[in-house]
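Fold and contact review
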Amino acid sequence: MTKININEELEYVEKVSKINEGKNLKYNILTMGCQLNENDSEKICGMVEKMGYTKTDDISLADLVIYNTCCVRENAEEKLFGKLGEVKKLKEAKGTIIAIGGCMMQEKHIVDKIKKSYKYDVIFGTHTLHKFPKDLYNAIIENKRITDILDIDGEIIEGLPIKRDDNIRASVTIMNGCNNFCTYCIVPYVRGRERSRSSEDILKEIEDLAKAGYKEITLLGQNVNSYMRVEREKGICTDKINSFAKLLREVNKIDGIEKIRFISPHPKDFTDDVIEAIRDLDKVSKFIHLPLQSGSTNILKTMNRVYTKEEYLNLVQKMKEKIPNVKFSTDIIVGFPEENEEDFENTLDVVRKVKFEQIFMFIYSRRVGTPADKMENQIPEEIKHKRFDKLKKLYEEILAENNKEYIGTTQNILVEGYSKINSEFLTGRTDTNKVVIFKGDSKLIGRFIQIKIISEHMWYLKGEILNE
Ligand code: 5AD
Ligand code: SF4
């Protein structure tokens, strides 16, 4: 893959920091969407802090406001336009600089709307993150609006400074883009084609995180288990670590890292070598996110998911047989075009059979430019909402059932800090991502400890420390 040199762009970090010297400037950032966007925001924050801004949660104090946008579902659009309406007053009152980046900026109709109706200084996209310092510099020096969007694929950007939100758990992007073109999804159009970072760069980043005291790593990508697949198929992969299974095995060797998670895999790429790596590697979480989207073979076909209901269930069965105690979370869309009651019942059937620990439920949202947007038989909103409520009810029933199984068990938990639910308690998560609260000393923060679960409370569990 083409790795681009960003030294020239990074010189602008220095230039902006000179302009800002001694001004005590502040920035506020709002991140929408998935963990990949959050990881991009950590890079944006890394650049911005080097340019002399310090973070504030109070937007009215900010000299620079950044929106890192998502466009996977329509509600994110409504949210952005609402925010842009509000921030206009701040700009008029004190000249706040407004920067808008991320996936939504790769959509022409959105950028056109912003240009026509809203105030902003810089618009940047998913392929121009590294150019943000240069764009900001030009916006400040020339006092004019900058739009910097590229429609390129296949580039990898390394070496951006990064300011992480957490000091125990970190996300590391291993690949970018998506080639799957699920018919409802805008991601392949705004994030470009699949491309993997070199294992050398990934492993170096994780080794550095381990040295800095990080304990848990989440490997990120739109389709993580196809790591290096495109490069392998094109015959351009020069990396010895040329598959996701091999990458997992390498990450597992890194001293100091105690837990490895990954998100999101695609069921079709869950090859045996990946399943075996999860089984063999002690640090790899046995909690697998396995996006279902629909339980109906007909709908899966029109979604272009390339598996059937039976193939999905067989995969779950195979993983349960091979990986002791494996548990699953999933994504489900209700109300995809042409979904009838029987299709929806099939989704409920899979949910009952797999007993997912966690379900991210979405109402189908039409996205301009995707094949599903042009399909006939779009489902009326009322029916979509009814199905969503029915799925939610089933999820809550299953959640209560699953929760009961935790009572009396011992869980290995990374202590994250004090609980937001009740500040007298510490908090952490089970391997299956369930929040657990327990009493204990703050010196345990950042360590893995054994907790016995004593009660369940729907969205969290309560426990007691077994040994310190
Ligand atoms: N409408 C609703 N949900 C969607 N997702 C992706 N595109 C859409 C859409 N158009 C969901 C999928 C995906 C998750 C990240 O978002 O379930 O796995
Ligand atoms: Fe979207 Fe499908 Fe790619 Fe996931 S795999 S990012 S749902 S196109």
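Calculation rules
- Residues numbered from 1 in each chain as written.
- Chains lettered and ligands numbered in written order.
- Predicted model: local features only at pLDDT ≥ 70, side-chain atom pairs only at ≥ 80, totals over all residues.
- Heavy atoms only, no water.
- Helix = DSSP H or I, 4+ residues; strand = E, 2+ residues; numbered from the N terminus.
- Rg over C-alpha atoms; globule rule 2.2 N^0.38 Å.
- Buried < 20%, exposed > 50% of the residue type's maximum accessible area, 1.4 Å probe, protein only.
- Contact = heavy atoms within 4.5 Å.
- Areas by Shrake-Rupley, 256 points an atom, 1.4 Å probe, with all protein chains shown as cover.
- Lys, Arg positive; Asp, Glu negative; His and termini not counted.
- Charge placed at Lys NZ, Arg CZ, Asp CG, Glu CD.
- Near = heavy atom within 4 Å.
- Polar contact = N/O pair within 3.5 Å; in protein donor to acceptor, adjacent residues only side chain to side chain.
- Pairing = 2+ DSSP bridges.
- Axes fitted to C-alpha atoms, helices over the stretch in contact; angles between N-to-C directions.
- Domains from an automatic or database assignment.
- Buried area = accessible area lost by both parts, 1.4 Å probe.
- Salt bridge = Lys/Arg side-chain N within 4 Å of Asp/Glu carboxyl O.
- Core = buried A, V, L, I, M, F, W, Y, C linked by side-chain atoms within 4.5 Å.
- Parallel < 35°, antiparallel > 145°, perpendicular 65-115°, else oblique.
- Left-handed = near helix turned anticlockwise from the far one by under 90°.

1. Regarding the overall build of the protein chain
Helix and strand counts for the protein chain come out as 14 helices and 21 strands. Computed over C-alpha atoms, the radius of gyration of the protein chain comes to 23 Å, within 12% of the 23 Å expected from 2.2 N^0.38 for 468 residues, which places it in the range of a compact globule. In terms of overall dimensions, the protein chain has C-alpha extents of about 60 × 60 × 50 Å along its principal axes. When each of the 468 residues of the protein chain is scored for burial, the buried share is 56%. Residue pairs in contact within the protein chain that sit at least 24 positions apart in sequence constitute 73% of those at least 6 positions apart. Accessible area for the protein chain stands at about 21000 Å²; split by element, carbon and sulfur atoms hold 47% of it. Measuring between centres, the 75 positive side-chain charges of the protein chain sit 1 Å from its 76 negative side-chain charges.

2. Overview of the site of ligand 1
Around ligand 1, the neighbouring residues are Val72, Arg73, Tyr184, Gln293, Asp331, Ile333, Phe362, Ile363, Tyr364, Ser365 and Arg367. Contact between ligand 1 and Tyr184: a nitrogen atom at 3.0 Å from a main-chain N or O atom of the residue. Within the contact set of ligand 1, an oxygen atom lies 2.7 Å away from a side-chain nitrogen or oxygen of Gln293. Look at ligand 1: alone it shows 400 Å² of surface, and the protein chains cover 85% of it.

3. Focus: the environment of Ile114
Tracing the chain through its elements places Ile114 in helix 4 (residues 108–117). Each C-alpha atom, one on Ile114 and one on Phe81, is 8.3 Å from the other, the two residues being 33 residues apart in sequence. Apart from residues lying up to four places away in sequence, Ile114 is in contact with Leu80, Phe81, Leu84, Ile100, Met105, Tyr120 and Ile123.

4. Examining the sheet that holds strand 9 (residues 169–173)
By definition, the strands of a sheet pair up through backbone hydrogen bonds, in either a parallel or an antiparallel sense. Ordered in space as 9-12-13, the three strands form an open sheet in which the pairing is parallel. On the outer flanks of this sheet lie strand 9 and strand 13 (259–263), each paired with one strand and no other. Averaged over all pairs of adjacent strands, the angle between their axes in this sheet comes to 25°, without regard to strand direction. Sheet topology places strand 12 (residues 216–220) next to strand 13; five bridges connect them, and they run parallel. Bridge assignment links Glu216 to a residue of strand 13, and that residue is Lys259. Each of strand 9, strand 12 and strand 13 is contacted by helix 2 (residues 35–50), which is oriented at about 100° to strand 9, the strand it contacts most.

5. Considering the domain arrangement of the protein chain
Domain parsing of the protein chain yields domain 1 (3–148), domain 2 (166–285), domain 3 (298–403) and domain 4 (410–467). Between the C-alpha centres of domain 3 and domain 4 the distance comes to 30 Å. In this assembly, eight residues from domain 3 lie in contact with seven residues from domain 4. Across the interface of domain 3 and domain 4, roughly 740 Å² is buried in total on both sides, 57% from carbon and sulfur atoms. The largest contributions to the domain 3 side of the interface with domain 4 come from Glu357, Leu399 and Asn403, which together make up 59% of the buried area. Between Glu357 and Lys434 there is a salt bridge, with the nearest N and O atoms lying 3.7 Å from each other. In this structure, the connection of domain 3 to domain 4 is made through three residue pairs in polar contact (both at pLDDT 80 or more). Of all the elements, helix 14 (residues 381–404) adds the most residues to the side of domain 3 that touches domain 4, at five residues.

6. What about the pattern of salt bridges?
Tallied over the entire structure, the rule returns 39 salt bridges. Here Asp40 makes a salt bridge to Arg191, at a shortest N to O gap of 3.0 Å. One end of the pair, Asp40, is in helix 2; the other, Arg191, is in helix 6 (residues 187–191), and 151 residues separate them in sequence. By relative accessible area, Arg191 is classed as buried at 4%. Across the pair Asp148 and Lys131 runs a salt bridge, and its minimum N-O distance is 3.3 Å. Placement of Asp148 in strand 7 (residues 146–148) and of Lys131 in the loop between strand 6 (122–124) and helix 5 (132–142) is noted, with a sequence separation of 17 residues between them. By relative accessible area, which is 10% here, Asp148 ends up buried. Within this structure, Glu42, Glu158, Arg164, Arg197 and Glu205 form a network of salt bridges that share partners.

7. Concerning the sheet that holds strand 16 (residues 358–363)
As summarised here, the arrangement of the three strands in space is 14-15-16, forming an open sheet in which the pairing is parallel. On the outer flanks of this sheet lie strand 14 (287–289) and strand 16, each paired with one strand and no other. Between one strand and the next, the sheet's axes are offset by a mean angle of 15°, whatever the strand orientation.

8. A few points about the nonpolar core
Counting residues in hydrophobic clusters, the biggest one holds 61 residues, and the most contacted among them are Leu248, Phe262 and Phe270. The dominant element in this core, judged by the number of residues it contributes, is helix 14, at six residues. Two domains each put at least three residues into this core: domain 2 (166–285) and domain 3 (298–403). With residues up to four places along the chain from it excluded, the contact list for Phe262 reads Thr218, Leu219, Val224, Phe244, Leu248, Phe270, Ile278, Val284 and Ile288. Among the nonpolar cores identified, the runner-up in size contains 26 residues, and Val13, Cys45, Ala99 and Ile146 belong to it.

9. Notes on the side chain of His130
The residue His130 is located in the loop between strand 6 and helix 5 in this model. Take His130: its relative accessible area is 5%, and that puts it in the buried class. Those residues in contact with His130 that sit more than four places away from it in its chain are Ile4, Ile6, Glu9, Met47, Ile157 and Leu160.

10. Here's the deal with the packing of helix 1 (residues 7–20) against helix 5
The axes of two packed helices give the description: the angle between them and the distance between them. Put simply, helix 1 and helix 5 touch, their axes get as near as 7 Å, and they point 40° apart. Looking at the two axes, helix 1 sits oblique to helix 5. Crossing geometry of helix 1 relative to helix 5 is assigned as left-handed. Here helix 1 contributes Glu8, Glu9, Tyr12, Val13, Lys15, Val16 and Ile19 to the contact with helix 5, which in turn contributes Pro133, Lys134, Leu136, Tyr137, Ile140 and Ile141.

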